[in-house]
Amino acid sequence: MNELIIELTEINPREFFGLQNSNIQLLKKYFPKLKIVARGSKIKVYGDDDMLKEFDMRLNMLLEHFSKYNKLDENAIERVLTSVSKADYETSPNSGETLVHGVGGKLIKAQTANQRKLVETCKKNDMVFAIGPAGTGKTYTSVALAIKALKEKEVRRIILTRPAVEAGENLGFLPGDLKEKLDPYMQPLYDALRDMIPNEKLDSYIEKGVIQIAPMAFMRGRTLDNAFVILDEAQNTTHAQMKMFLTRMGKNAKFIITGDPGQIDLPRRVTSGLKEALLVLKNTQGIGMIYLDDKDVIRHKLVKKVIAAYKEIEHRNG
């Protein structure tokens, strides 16, 4: 009797095995001649060599399916185990508007007209500026596009960056080393990633450098090839920072620059690199610019009212 041992990495074994090992029980029904034991993060299988090869192939199909959709249920297992090829059980990548299957199978989609425009503009341009107020989903949609590109092997890595501008706070008074001081600035990016990639896999990606989250200073001197790069909160870049960032673009790279010109935290008399770039590059071929507004706000309904109220007072004072 031959033995096959499969170690599960970058995924949560409990989620893959199912509640009370229900998914493993289903596998046993489809492979009654094999002895299947699931324990910890390992699956041990005993039986005939040909059957083990078939099992290994089907299990890898299931693991690939789980990695893509972050979900495995009875229907999915049945489809995968009885299909001849991927085309038989996977939906077409062009069907619907789902960008990514998030944690627990959550469908991440472009939810508003301007978010859909952002998706379309990104398909046609390698560099895109997504401009809009808080809560319009510009960062979230951009992160989903980056993960989609990574999953579909269009890029090898994702780089997320934002300027660490001290918005009324002083970094020196924050506890910890540089990474710990900067992590609060990067939190919205971590939040979006955790919605779309299971914790084990995300930790592994960050450890291996497949996903890099770093302040802008870390971009200097680098050429960013085969990467999907997002610059978030770009309104807080200076002229020099924005120029440095935009000239990092390497081969097979996608850049999305997001920002809200209405929330600049730079010192007075310092020109926002984002505002300047929008003027300088507005007629440049290959660069797309999308403007989101309060109609795209998908946070709490009060956010829309807050934006409208502030817009009114700023217009009055301006």
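So, here's what we can say about the structure.

About the cut-offs
Residues numbered from 1 in each chain as written. Predicted model: local features only at pLDDT ≥ 70, side-chain atom pairs only at ≥ 80, totals over all residues. Heavy atoms only, no water. Phe/Tyr/Trp six-rings, centres within 6.5 Å; stacked < 30°, edge-to-face > 60°. Helix = DSSP H or I, 4+ residues; strand = E, 2+ residues; numbered from the N terminus. Buried < 20%, exposed > 50% of the residue type's maximum accessible area, 1.4 Å probe, protein only. Pairing = 2+ DSSP bridges. Axes fitted to C-alpha atoms, helices over the stretch in contact; angles between N-to-C directions. Contact = heavy atoms within 4.5 Å. Patch = residues over 30% accessible without salt bridge, like charges linked within 9 Å, V, L, I, M, F, W, Y side chains within 5 Å. Areas by Shrake-Rupley, 256 points an atom, 1.4 Å probe, with all protein chains shown as cover. Salt bridge = Lys/Arg side-chain N within 4 Å of Asp/Glu carboxyl O. Core = buried A, V, L, I, M, F, W, Y, C linked by side-chain atoms within 4.5 Å.

Turning next to the packing of aromatic side chains. All chains considered together, the criterion is met by four aromatic pairs. Taken together, a centroid distance of 4.9 Å and an interplanar angle of 40 degrees make the contact between phenylalanine 245 and phenylalanine 255 tilted. Note that phenylalanine 245 is positioned in helix H10 (residues 239-246) and phenylalanine 255 in strand S10 (residues 254-259), a separation of 10 residues in sequence. On the basis of relative accessible area, phenylalanine 255 is assigned to the buried category, the value being 1%.

Spatial ordering of the open sheet is given by S8-S7-S9-S10-S6-S11, a layout of six strands whose pairing is parallel. Two strands lie at the open edges of the sheet, namely strand S8 (211-215) and strand S11 (287-291), each paired on one side alone. On average, each strand axis in the sheet is tilted by 15 degrees relative to the strand beside it, whichever way the strands run. Pairing geometry for strand S7 (residues 157-162) and strand S9 (residues 227-231), over five bridges, is parallel. Note on S9: the bridge partner recorded for isoleucine 159 is valine 229. Here H10 sits on the sheet and contacts strand S6 (127-131), S7, S9 and S10; the angle it forms with S10, its principal contact strand, is near 155 degrees.

Before going further, it helps to examine the side chain of asparagine 125. Tracing the sequence through the fold places asparagine 125 in the loop between helix H6 (113-124) and S6. Discounting chain neighbours no more than four positions away, the residues touching asparagine 125 are Lys254, Gly286, Ile287 and Gly288.

On to a nonpolar patch on the surface, then. Together, Val306, Tyr310 and Ile313 make up a nonpolar patch on the protein surface, roughly 290 Å² of accessible area in all. Structurally, the position occupied by tyrosine 310 is in helix H12 (residues 301-317).

Looking now at the side chain of threonine 141. With respect to the secondary-structure elements, threonine 141 resides in helix H7 (residues 138-151). Dropping the residues within four chain positions of it, threonine 141 is found in contact with Leu99, Gln115, Leu118 and Val119.

Ranked by size, the top nonpolar core spans 36 residues in total, and within it Leu193, Met196 and Phe228 carry the most contacts. If one sorts the elements of this core by residue count, H7 sits on top with seven residues. Excluding residues that lie within four positions of it along the chain, phenylalanine 228 makes contacts with Cys122, Ser142, Leu145, Ala146, Ala149, Val155, Arg157, Ile158, Ile159, Lys254 and Ile256. Counting 27 residues, the second largest nonpolar core, distinct from the first, contains Leu26, Val45, Leu59 and Val80.

Another point: the pattern of salt bridges. One pass over the full model with this rule turns up nine salt bridges. Here glutamate 54 and arginine 58 are joined by a salt bridge, their closest N and O atoms 3.1 Å apart. Separated by four residues within a single helix, glutamate 54 and arginine 58 lie in helix H3 (residues 49-69), roughly one turn from each other. According to the relative accessible area criterion, arginine 58 is buried, its value standing at 10%.

The phi angle of most residues is negative, glycine excepted, and most peptide bonds adopt the trans form. Despite not being glycine, glutamate 10 shows a phi value in the positive range, around 65 degrees. The residue glutamate 10 is located in the loop between strand S1 (2-7) and helix H1 (13-17) in this model. By relative accessible area, glutamate 10 is classed as partly exposed at 22%. Of note, lysine 153 is a non-glycine position whose phi angle comes to about 60 degrees, a positive value. Inspection of the secondary structure puts lysine 153 in the loop between H7 and S7.

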